There are 2 protein chains.
Amino acid sequence: MYELAINLQTKSKTPLYEQIYNYIKREIQDGHIKSGERLPSTRALSRHLEVSRSTVELAYEQLLSEGYVEAVPCRGYFASQIDELYQLEKPAIPESESETESFQKYDYDFTPNGVDLNSFPYNVWRKLSRECLTDDRAELFRLGNPQGEYGLRNAISSYLHQARGVNCRPEQVIVGAGGEYLLMLLVTVIGNGHRIALENPTYRQAYRLFENLSCQVCTVDMDKSGMRVDRLQGSGADIAFVMPSHQYPLGIVMPIRRRMELLKWADEKEGRYIIEDDYDSEFRYKGKPIPALQGYDSKGKVIYTGTFSKSVAPAIRVGYMVLPESVLEAYRRKCSFLNSTVSRVDQLILQKFIEDGYYERHLNKTRALYRNRHDVLLSCLKEMHGNFRISGENAGVHLLLRFGQGVSEEMLVGSAAENGVKVYGLSGYYVKEEGRKEGQGAVILLGYANMGEEKIEKACRLLRKAWEKYL
Amino acid sequence: MYELAINLQTKSKTPLYEQIYNYIKREIQDGHIKSGERLPSTRALSRHLEVSRSTVELAYEQLLSEGYVEAVPCRGYFASQIDELYQLEKPAIPESESETESFQKYDYDFTPNGVDLNSFPYNVWRKLSRECLTDDRAELFRLGNPQGEYGLRNAISSYLHQARGVNCRPEQVIVGAGGEYLLMLLVTVIGNGHRIALENPTYRQAYRLFENLSCQVCTVDMDKSGMRVDRLQGSGADIAFVMPSHQYPLGIVMPIRRRMELLKWADEKEGRYIIEDDYDSEFRYKGKPIPALQGYDSKGKVIYTGTFSKSVAPAIRVGYMVLPESVLEAYRRKCSFLNSTVSRVDQLILQKFIEDGYYERHLNKTRALYRNRHDVLLSCLKEMHGNFRISGENAGVHLLLRFGQGVSEEMLVGSAAENGVKVYGLSGYYVKEEGRKEGQGAVILLGYANMGEEKIEKACRLLRKAWEKYL
């Protein structure tokens, strides 16, 4: 039997039982106590160490629960056999590149992904969040409906019906933590044995995500009406991912005829679907909003998705998906055990925000704000009398400048940068360069959501200077 | 040219331009205006209808943007060709079954998934949420770090190191909206070309999720130390999903030797990993907490996951994953463009909750609470002197009763139900019946987190009565 030479520190903060446990554990780890070797009985060790028997028992129990020793009835405690011991050591993990990356500082940034956060109704949000945490408290911290709470789904479906012409019931709505999560969930529901066609250029994150989810992905050429259905036919795809209200990044509004062609395509074969990403349809500055494609679909072919990222704030992380019956049935069969990814408190705040009319008011306010910025930007650009055509205006929060021959995107982006203005070249939005046509002129994207009117004017003056020789 | 017989309602709430737009749209949809047919000029129509020309222009522009008409320069407006029209009609969506399902009412429910929400620190949570929304407001609504905010990741990694022996830096931590989402993300990172081995019985949701994500899944038999590594070797799996601290549902604590065998298995081949689900390790009522498997791993083979669902509340929807270097590298390459699924406000509340010591206090409080319930339940069960053995006790929030031969789970569950007590049979936790051994006695799970001591005593009296003939 092994002799334990433990030097107990009675004045230490570490309890005596833990000192004994630590000592024996280390002796076993280091191989000083061999596997199969018998340990002293609790009675013998307590006498030897002059501690109570229960102290030793506690130490032995801990060793037992972690598996360092084994108890054999009527025989005592034996060191377990441990083949190999892995040491605790800090593996070297490189710092995240994004956290160390150096970046150029711009005075003005025409990012197409901006949102004006100054207009965010902080006081209302705070008030609602206080209210939500006051009443009906315990319930809110219990798991809720996997699809999202009925109240919120009801508020969303009413809003979508009224504002977007979406034809749905709350039962069809799935609430989730952002658009990307909802696409992941969708692929989990429909499986990844699909071939998904996206426009080119497109929302590249969706392309990459589908690709990473092991779906087959392809791109389909566009004309001025959006995705070409004749090319879609030839692509072998069974799912088309489109943004009919305001294509990203080209800003194309898909006309009714193309919409009907798309719906017809989907209806021609069992299992075909259209994913409609209605990402920024809240913003339209001319006439009535253009209804969602989903509203024209009577055959259950459109999977509609949207988020509150542009219309409320990117960081609230709430999106929704409206599933047609066949997909809903698959969701219920395969994924309804997956808990909702949005906390119930956040769901309730948002529900009240919509139901109490704050959402509509906020939308009206930001729509007016963005309209003014849109108008100022348009008039500044027109004053330039440049060698470019403007497109994608009247909706969303960005527009495009299409330059004539003889000037490259790199030159335009580069000379703007030299003057402290960040603008975005269209080439960055192409999936591989396959969709880019030879000899096509440079195209620049300008987003205006995150820039005040005065800033837009100043930035345009700088652009005029920067681009003097190209205009 | 088509003659428009519009009956304008000057007193209607619908603007005149919209009435014109609606009328023409319907005429085109119904085929009364044929495709290619020319519409009256804006001047002619405005004179005909006795409205201003801009009213007609507005209507035409809306028709143009939606694609119902086309403008041909110098010639006028023509109805577009629309092949087929889909009518807006409500598809019949069946009510969700869970929403209409009838259910039996129980007086006592020994659910293994309960959490005591009465002890949730509502006041603190409300205070922190108020504080978070007050200071540094705008920033919180901007998109944050895709992995989760550094502050929260730092708080989590310190906690994990100190409380669970997890060996990690904040750079390795990914915060996400719940454990299931994190598994979806993980599969997106590592791809679904893996074969994943789970214990049987196991946390079935994980099995189903992997299956739905098109991974190959299999089960591996257990012995009293947990997953059998010899069987794992033969399974062809390259990923093992285990719960070493307190296996769900069997409550097995994996001894150190088995842990080492598992780590050795993972190290034997490139690309092998262990997913450690540390789902309820906060609760241990005897001795020190047993460190996580991850802490013994020096080869970067363990992917550690956990959530705040049991330790704070299920509905806050925050979990975390600690990635070893090779997986972290794949995450950065493939998925770092995916935005975080937890709102920044919620992240900040949780960060403060941990940093200000509330989390530790809350854990101590609930641990004491659950320990009392655990002790009361154990002593009630021992008093029964039943034909069963207790296992899985001392940790987590549920334990198991293993009955001898001659009594079936159905009988035990059924007679408990007749007395208003809901208990859970182990068979529901098996993936297919493949792992169930013939002739194995009935096993009942009793969860106690959501039941006060008095309720436990009363429920046990009822169980004693219900099971009289089986004990």
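Residues Phe-141 and Trp-467 of chain A together with Phe-141 and Trp-467 of chain B are the most contacted members of the largest nonpolar core, which totals 149 residues. Examining the composition of this core, we find that ten residues originate from one element, helix 14 (residues 358–384) of chain A, more than from any other. Every residue in contact with Trp-467 of chain A, bar those within four places of it in the chain, is listed here: Leu-401, Phe-403, Leu-412, Ser-415, Ala-416, Val-423 and Ile-444 of chain A. Judged by nonpolar contacts, the second largest core, of 94 residues, contains Ala-206 of chain A together with Leu-198, Ala-206 and Cys-215 of chain B.

With 105 residues of chain A at the contact, the number on the chain B side is 106 residues. In total, chain A and chain B occlude about 9,800 Å² of area from one another, counting both sides; carbon and sulfur atoms represent 55% of this. At the boundary of chain A and chain B, one finds zero salt bridges. Remark: the boundary between chain A and chain B carries 20 residue pairs in polar contact (both at pLDDT 80 or more). Looking at the side of chain A that touches chain B, the element that brings in the most residues is helix 5 (residues 122–134) of chain A, giving eight residues.

Okay, the pairing of strand 2 (residues 76–79) of chain B next. All names here are of chain B. As paired strands, strand 1 (residues 69–72) and strand 2 are joined by four bridges and run antiparallel to one another. Following the sheet pairing, Ala-71 is matched in strand 2 by Tyr-77. Hairpin remark: strand 1 followed by strand 2, antiparallel, with three residues in the connecting loop; positive phi at Cys-74, about 65°.

Before going further, it helps to examine the relation of the copies chain A and chain B. With an axial shift of 0.0 Å and an RMSD of 0.2 Å, the rotation relating chain A to chain B amounts to 180°. Seen this way, the second copy is the image of the first under a two-fold rotation axis. Most of the interface of chain A is mirrored in chain B, where 100% of its interface residues again form contacts.

With that out of the way, let us pick up the packing of helix 1 (residues 16–29) of chain A against helix 3 (residues 53–66) of chain A. Residues and elements named next belong to chain A. Close contact between helix 1 and helix 3 brings their axes to 8 Å; oriented N to C, the two are set at 45°. Relative to helix 3, the element helix 1 is oriented oblique. For the element pair helix 1 and helix 3, the recorded crossing hand is right-handed. For the pair helix 1 and helix 3, the contacting residues are Leu-16, Tyr-17, Ile-20, Tyr-21, Ile-24 and Lys-25 in the first and Thr-55, Val-56, Leu-58, Ala-59, Tyr-60, Gln-62, Leu-63 and Glu-66 in the second. Considering only residue class, the contact of helix 1 with helix 3 consists of ten nonpolar, two polar and two charged.

Let's shift gears to the domain arrangement of chain A. It is common to report an interface's size as the accessible area lost on association of the parts. Its domain assignment divides chain A into domain 1 (16–79), domain 2 (108–115 + 361–466) and domain 3 (125–356). Computed from C-alpha atoms alone, the centre-to-centre distance between domain 1 of chain A and domain 3 of chain A is 60 Å.

Residues and elements named next belong to chain A. Looking at chain A, pLDDT values average 88 and 93% of them are 70 or higher. pLDDT under 50 marks residues 85–102. Its contacts with residues more than four places away, or in other chains, come to 37 contacts. Across the interfaces of the predicted complex, the ipTM metric reaches 0.82, alongside a pTM of 0.84.

A separate point is the sheet that holds strand 5 (residues 195–199) of chain B. Residues and elements named next belong to chain B. The strand order across the open sheet formed by seven strands is 4-12-11-10-9-5-6, and the pairing between neighbours is mixed. Unpaired on one side and paired on the other, strand 4 (173–176) and strand 6 (216–220) mark the two borders of the sheet. Across the sheet, the mean angle from the axis of one strand to that of its neighbour is 20°, orientation sign disregarded. For strand 5 and strand 6, the ladder comprises five bridges, and the chain directions are parallel. Its bridge partner being in strand 6, Leu-198 is matched across the sheet by Thr-219. Across the sheet, helix 7 (residues 150–164) touches strand 4, strand 11 (302–307) and strand 12 (319–322), and the angle it forms with strand 4 is around 115°. Along the sheet, helix 11 (residues 256–267) makes contact with strand 9 (239–242), strand 10 (273–277) and strand 11, crossing strand 10 at roughly 140°.

Moving on to a negative patch on the surface. All names here are of chain A. A cluster of like negative charges, contributed by Asp-375, Glu-383, Glu-453 and Glu-457, occupies part of the molecular surface. When contributions to the negative patch are tallied by element, the ones reaching two or more residues are helix 14 and helix 16 (453–466). Along the chain, the position of Glu-457 falls in helix 16.

Before going further, it helps to spend a moment on the environment of Ser-379 of chain B. Assignment of secondary structure puts Ser-379 of chain B in helix 14 (residues 358–383). Residue Ser-379 of chain B is classed as partly exposed on the basis of its relative accessible area of 38%.

Residues and elements named next belong to chain B. Listing the buried residues of helix 15 (residues 409–418) in full gives Glu-409, Leu-412, Ser-415, Ala-416 and Ala-417. Looking at the buried positions of helix 15, the neighbouring elements they touch are strand 14 (398–403), strand 15 (421–422), strand 16 (424–425), strand 17 (443–447) and helix 16 (453–466). Directly after helix 15, the chain includes Gly-420, whose backbone phi takes a positive value near 80°.

What follows concerns the pattern of salt bridges. Counted according to the given criterion, the structure contains 36 salt bridges over all chains. One salt bridge in this structure joins Arg-164 of chain B and Asp-278 of chain B, with 2.7 Å as the shortest N-O distance. Taken as a pair, Arg-164 of chain B in helix 7 and Asp-278 of chain B in the loop between strand 10 and strand 11 lie far apart in primary sequence, 114 residues in all. What you see here is one network of salt bridges that share partners, running through Glu-139, Arg-142, Glu-149 and Arg-344 of chain A.

Quick look at the sheet that holds strand 4 (residues 173–176) of chain A now. All names here are of chain A. In space, the seven strands of this open sheet follow the order 4-12-11-10-9-5-6, with mixed pairing throughout. Bordering the open sheet on either side are strand 4 and strand 6 (216–220), each of which pairs with just one other strand. The sheet shows a mean angle of 20° between the axes of neighbouring strands, direction not considered. Two strands pair when backbone bridges link them, and strand 11 (residues 302–307) and strand 12 (residues 319–322) are joined in this way by four bridges, in the antiparallel orientation. Pairing of Thr-305 across the sheet is with Met-321, part of strand 12. The strands touched by helix 9 (residues 204–212) are strand 5 (195–199), strand 6, strand 9 (239–242) and strand 10 (273–277); relative to strand 6, the strand with the most contacts, the crossing angle is about 150°.

For residues that are not glycine, phi is negative in most cases, and the peptide bond is trans in most cases. Residues Tyr-248 of chain A and Pro-249 of chain A are joined by a peptide bond in cis, for which omega reads 10°. Residue position: Pro-249 of chain A is located in the loop between strand 9 and helix 11 (256–267). Look at the link from Asn-200 of chain B to Pro-201 of chain B: it is a cis peptide, with omega at 5°. Tracing the sequence through the fold places Pro-201 of chain B in the loop between strand 5 and helix 9 (204–212). A positive phi angle, near 50°, is found at His-385 of chain A, a position not held by glycine. Summarising the element assignment, His-385 of chain A is placed in the loop between helix 14 and strand 13 (388–391). Here the phi dihedral of Asn-394 of chain A falls at roughly 75°; this positive angle occurs in a residue that is not glycine. Looking at the element boundaries, Asn-394 of chain A is found in the loop between strand 13 and strand 14 (398–403). With relative accessibility at 18%, the residue Asn-394 of chain A sits in the buried group.

What counts, and where the lines are drawn
- Residues numbered from 1 in each chain as written.
- Chains lettered and ligands numbered in written order.
- Predicted model: local features only at pLDDT ≥ 70, side-chain atom pairs only at ≥ 80, totals over all residues.
- Heavy atoms only, no water.
- Core = buried A, V, L, I, M, F, W, Y, C linked by side-chain atoms within 4.5 Å.
- Buried < 20%, exposed > 50% of the residue type's maximum accessible area, 1.4 Å probe, protein only.
- Helix = DSSP H or I, 4+ residues; strand = E, 2+ residues; numbered from the N terminus.
- Contact = heavy atoms within 4.5 Å.
- Buried area = accessible area lost by both parts, 1.4 Å probe.
- Salt bridge = Lys/Arg side-chain N within 4 Å of Asp/Glu carboxyl O.
- Polar contact = N/O pair within 3.5 Å; in protein donor to acceptor, adjacent residues only side chain to side chain.
- Pairing = 2+ DSSP bridges.
- Least-squares fit on C-alpha atoms with pLDDT ≥ 70 in both.
- Axes fitted to C-alpha atoms, helices over the stretch in contact; angles between N-to-C directions.
- Parallel < 35°, antiparallel > 145°, perpendicular 65-115°, else oblique.
- Left-handed = near helix turned anticlockwise from the far one by under 90°.
- Nonpolar A, V, L, I, M, F, W, Y, C, P; charged D, E, K, R; others polar.
- Domains from an automatic or database assignment.
- pLDDT = per-residue confidence, 0-100.
- Patch = residues over 30% accessible without salt bridge, like charges linked within 9 Å, V, L, I, M, F, W, Y side chains within 5 Å.
- Areas by Shrake-Rupley, 256 points an atom, 1.4 Å probe, with all protein chains shown as cover.
- Lys, Arg positive; Asp, Glu negative; His and termini not counted.
- Charge placed at Lys NZ, Arg CZ, Asp CG, Glu CD.

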